[in-house]
Structure formats: C-alpha cells, structure tokens
Amino acid sequence: ATSLSAFLNAGLLFLGLRKDGVLILSAGWGKILMQVFFALLTMGLMLHWLVPDMSFWLGEGFAVRLGYMLLICAGGAVIYAAALFVTGINLRQLVR
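Model, not experiment: these values are computed from the prediction.

Some thoughts on the overall build of the protein
In step 1: A count of helices and strands for the protein gives five helices and zero strands.
In step 2: For the protein, the C-alpha radius of gyration of 18 Å lies well beyond 12 Å, the compact-globule estimate for 96 residues.
In step 3: Each principal axis of the C-alpha atoms in the protein carries an extent, and together these give about 55 × 35 × 20 Å.
In step 4: Going through the 96 residues of the protein one by one, you find that 12% of them count as buried.
In step 5: Carbon and sulfur atoms provide 74% of the accessible area of the protein, an area that totals close to 7700 Å².

Here it is as structure tokens:
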C-alpha cells in the first residue's frame, strides 16, 4: 500500500507540474526512459534467476548467506550498468 501511494503521489506531482508548465521535458526523454526500463527489466530477470529458494536461506550459515547476498547485490549492479551500456545510454544523462 505504501509503494502504491508513493507511485500515485509521484504521478500526480508529475502531471501537476506538467499542467502548470513548471516541468518541461526536453527532447529525448522517451528514449532515456525506454533505455532505463530495459536495464531495470534485465536486472530484475537476472536477479530473479540468481536468487536461490527459501531452503538455501534457511539452511545455510550467516557467513554464507551474507556472502551470497553481497554477490547478488553486486551482480545486480553490474547487470544494470551493463544493460545501460548496451543500450548506449550516456551516464551523464542520468546525473544532470
């Protein structure tokens, strides 16, 4: 419920700012959004594939679970960055 209300709030804010003329998107935003969406989808699918079932998390020791979780997080970051690179996105476009 909290995530849904956050998305609703962000969407209404976006629409309100566009309606009032405060937010004017420059050309190319559609392409950037599609590139980011592709990277998110790729990362999500890979993370779904990498995460083991519940028996692993319940059966292994703390150190093994921690190490595997760190590898999953690092793998997700690498997959996301690689997917952005493959789509040709310029990293400076995301931070300006």
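Remarks on the confidence of the model for the protein
The predicted structure's coordinates, where accompanied by low pLDDT, should not be read in detail.
In step 1: The predicted model of the protein averages 91 in pLDDT, with 97% of residues at 70 or higher.
In step 2: The weakest mean pLDDT in the protein belongs to helix 5 (residues 91-95) at 71; the strongest belongs to helix 4 (residues 62-87) at 94.

Some details on the packing of helix 2 (residues 29-50) against helix 4
In step 1: Two elements in contact, helix 2 and helix 4, have axes separated by 8 Å at closest approach and are oriented at 150 degrees. By the angle class used here, helix 2 and helix 4 are roughly antiparallel. For the element pair helix 2 and helix 4, the recorded crossing hand is right-handed. For the pair helix 2 and helix 4, the contacting residues are Gln35, Val36, Phe38, Ala39, Leu40, Thr42, Met43, Met46, Leu47 and Leu50 in the first and Tyr68, Ile72, Gly76, Ile79, Tyr80, Ala83, Leu84 and Thr87 in the second.
In step 2: Tallied by class, residues from the contact of helix 2 with helix 4 come to 14 nonpolar, four polar and no charged.

What about the packing of aromatic side chains?
Centre distance and the angle of the planes are the two values used to describe a pair of aromatic rings.
In step 1: Using the criterion set out here, one finds three aromatic pairs in the structure.
In step 2: Arranged with centres 5.1 Å apart and planes meeting at 80 degrees, the rings of Phe56 and Trp57 form a pair that is edge-to-face. Summarising the burial analysis for this pair, Phe56 and Trp57 share the class buried.
In step 3: Plain terms: the ring middles of Trp57 and Tyr68 are 6.1 Å apart, the flat faces sit at 65 degrees to each other, and that makes the pair edge-to-face. One end of the pair, Trp57, is in helix 3 (residues 54-59); the other, Tyr68, is in helix 4, and eleven residues separate them in sequence.
In step 4: Look at Tyr68 and you get partly exposed, because its relative accessible area is 29%.
In step 5: One aromatic cluster in this structure is built from Phe56, Trp57 and Tyr68.

How each quantity is defined
- Going along each chain's sequence as written, the residues are numbered from 1 onward.
- Only residues with pLDDT of at least 70 are given local features in this predicted model, and only at 80 or more are side-chain atom pairs given and counted; all residues enter the totals for whole chains, interfaces and linings.
- Calculated side-chain values reflect all of the structure's heavy atoms, with hydrogen atoms and water omitted.
- Helix numbers and strand numbers start at the N terminus; a helix is a DSSP run of H or I with at least 4 residues, a strand a run of E with at least 2.
- For a compact globule the rule gives 2.2 Å times the number of residues to the power 0.38, and the radius of gyration it is set against comes from C-alpha atoms.
- Relative accessible area decides the class of each residue, using a 1.4 Å probe on protein chains only: under 20% of the type maximum gives buried, over 50% gives exposed, and in between gives partly exposed.
- Surface accessibility in these figures is a Shrake-Rupley result with a 1.4 Å probe; residues are shielded only by whichever protein chains are displayed.
- Predictor confidence is given residue by residue as pLDDT, running from a minimum of 0 to a maximum of 100.
- Axes, fitted as lines to C-alpha atoms, cover a helix only where it is in contact. Angles between the N-to-C directions of the axes lie from 0 to 180 degrees.
- Throughout, the term roughly parallel applies to angles under 35 degrees, roughly antiparallel to angles over 145, roughly perpendicular to angles from 65 to 115, and oblique to all others.
- Crossing chirality is assigned from the near helix's rotation relative to the far helix, an anticlockwise turn below a right angle marking it left-handed and a clockwise turn marking it right-handed.
- The contact rule is simple, with two residues in contact once any of their heavy atoms fall within 4.5 Å.
- Throughout, the ten residues Ala, Val, Leu, Ile, Met, Phe, Trp, Tyr, Cys and Pro are labelled nonpolar, Asp, Glu, Lys and Arg are labelled charged, and all others, Gly among them, are labelled polar.
- Centre distance within 6.5 Å is the pairing criterion for rings of Phe, Tyr and Trp, where only the six-membered ring of Trp is used; planes under 30 degrees apart are then read as stacked, over 60 as edge-to-face, and the remainder as tilted.

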